[in-house]
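Coordinate inspection notes
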Amino acid sequence: MSLMGHHKNIELITDFYGISSWLAGNIYNSIALLALVSAAILAIVSIKVEKARAVLGWLLIAISLVPLVALFDENMWLAQLGGFPAIGSGQGVIKYFALMGLGLFLAKPTGAASLKLWANVFPVFLVLVWIGGMKFTLFEAQGIEVLVKTSPLMSWMYDVWDLQTTSNLIGVYDLLAAALLVACVFYRQLLLPVIVLSGAVFVVTQTFLFSWDAAISAETLLSTGGHFLIKDLWFIANLIVFWHLFNNSMHSTDQAPS
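Residues numbered from 1 in each chain as written. Predicted model: local features only at pLDDT ≥ 70, side-chain atom pairs only at ≥ 80, totals over all residues. Heavy atoms only, no water.

Each helix and strand in the chain was counted, giving 13 helices and 2 strands. Its C-alpha atoms give the chain a radius of gyration of 19 Å, near enough to 18 Å, the size a compact globule of 258 residues would have. Taken along the three principal axes of its C-alpha coordinates, the chain extends 55 × 50 × 35 Å. A buried classification covers 43% of the 258 residues belonging to the chain. (Helix = DSSP H or I, 4+ residues; strand = E, 2+ residues; numbered from the N terminus. Rg over C-alpha atoms; globule rule 2.2 N^0.38 Å. Buried < 20%, exposed > 50% of the residue type's maximum accessible area, 1.4 Å probe, protein only.)

Here is the structure:
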């Protein structure tokens with residue numbers, strides 16, 4: 001972010017809060033940089049220092065709230081598709097729900113396990129349903145074309161199906177993974193298949209960082225597209241927390257006296 005300088009994503013947020021004219025764009029960029037680097041340092045420290053985990057949790061919640069509140073901005077939605085829920089620039093913003101879930105997990109170590117479990121499964125469910133649903137639109141089908149076409153894992157799909165059908169099938173997969181994610185809360189034997197199905201979405205996304213040339217920039221390390229892709233690592237963290245909390249709840253149930 002430091003190398004990239006001020007860019008549209010931050011400007012959308014400062015415009016929403018009406019503060020774009022208060023400071024130079026690069027100052028806001030530096031504030032975002034400071035917050036994220038601080039979170040990274042705290043994450044490393046908290047491995048050994050337990051008290052740092054709560055501080056990290058509250059910082060992650062604060063970092064996530066700033067862009068999430070800006071979802072009320074009409075510029076986040078696609079006017080040509082009727083606005084909400086057709087999501088445009090907000091696709092990157094809704095990923096901050098993942099940080100919110102992780103923040104709650106860390107900030108409230110003794111809090112209700114069920115709340116923390118749902119706080120971490122919700123972001124995964126939300127992004128699978130929302131962006132998965134968008135796959136059925138031509139806008140999204142065209143948007144992912146360059147990613148799919150350059151992927152050694154997915155490019156073959158265009159040899160079998162056309163642009164929209166390929167996007168539709170990816171959308172069906174996302175929606176199926178989302179449905180099973182909720183179902184596994186009630187049918188525990190689905191936990192492992194769900195983690196694999198859901199996690200595969202975000203693991204494959206990370207491969208685009210290497211297969212899509214535009215994700216990497218010689219000048220700024222990551223392009224804005226690369227920033228969008230790498231945020232999916234947060235959802236992998238959500239799934240790990242979900243797995244941990246779910247297994248703990250199963251163990252507690254097994255040990256409970258009859």
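Counting residues in each nonpolar core, the largest one holds 51 residues, and the members touching the most others are L128, F202 and F242. Elements that contribute at least two residues to this core include exactly helix 1 (8-16), helix 2 (25-45), helix 3 (51-69), helix 5 (96-107), helix 6 (113-134), helix 10 (163-186), helix 11 (191-211) and helix 13 (233-255). Sorting elements by how many residues they give to this core places helix 6 first, with 9 residues. Counting residues in hydrophobic clusters, the runner-up holds 12 residues, among them I144, V148, M154 and I170. (Core = buried A, V, L, I, M, F, W, Y, C linked by side-chain atoms within 4.5 Å.)

Counting across every chain of the model gives 3 salt bridges. Across the salt bridge formed by K135 and E140, the nearest N and O atoms sit 3.5 Å from each other. Residue K149 is joined to E145 by a salt bridge in which the shortest nitrogen-to-oxygen separation is 3.2 Å. With K149 and E145 both in helix 8 (residues 145-150), this residue pair falls 4 residues apart, about one helical turn. (Salt bridge = Lys/Arg side-chain N within 4 Å of Asp/Glu carboxyl O.)

Mapped onto the elements, L153 comes out in the loop between helix 8 and helix 9 (157-160). Owing to a relative accessible area of 49%, L153 belongs among the partly exposed residues under this scheme. In this structure, L153 is in contact with V204 and T207, ignoring residues within four places of it in sequence. (Contact = heavy atoms within 4.5 Å.)

Another aspect to go through is helix 5. Over its 12 residues, helix 5 extends 16 Å from the first C-alpha to the last, a length consistent with the 16 Å expected when each residue adds 1.5 Å. Of all the positions in helix 5, only Y96, A98, L99, M100, G101, L102, G103 and A107 are classed as buried. (Expected span 1.5 Å × (residues − 1).)

The subject of this paragraph is the side chain of E140. Its location among the elements puts E140 in helix 7 (residues 138-143). E140 gets classed as buried once you look at its relative accessible area, which sits at 6%. Reaching out from E140, the side chain makes a polar contact with the side chain of Q91 at a distance of 2.9 Å. Ignoring sequence-local partners within four residues, the contact set of E140 consists of Q91, I131, M134, K135 and S167. (Polar contact = N/O pair within 3.5 Å; in protein donor to acceptor, adjacent residues only side chain to side chain.)

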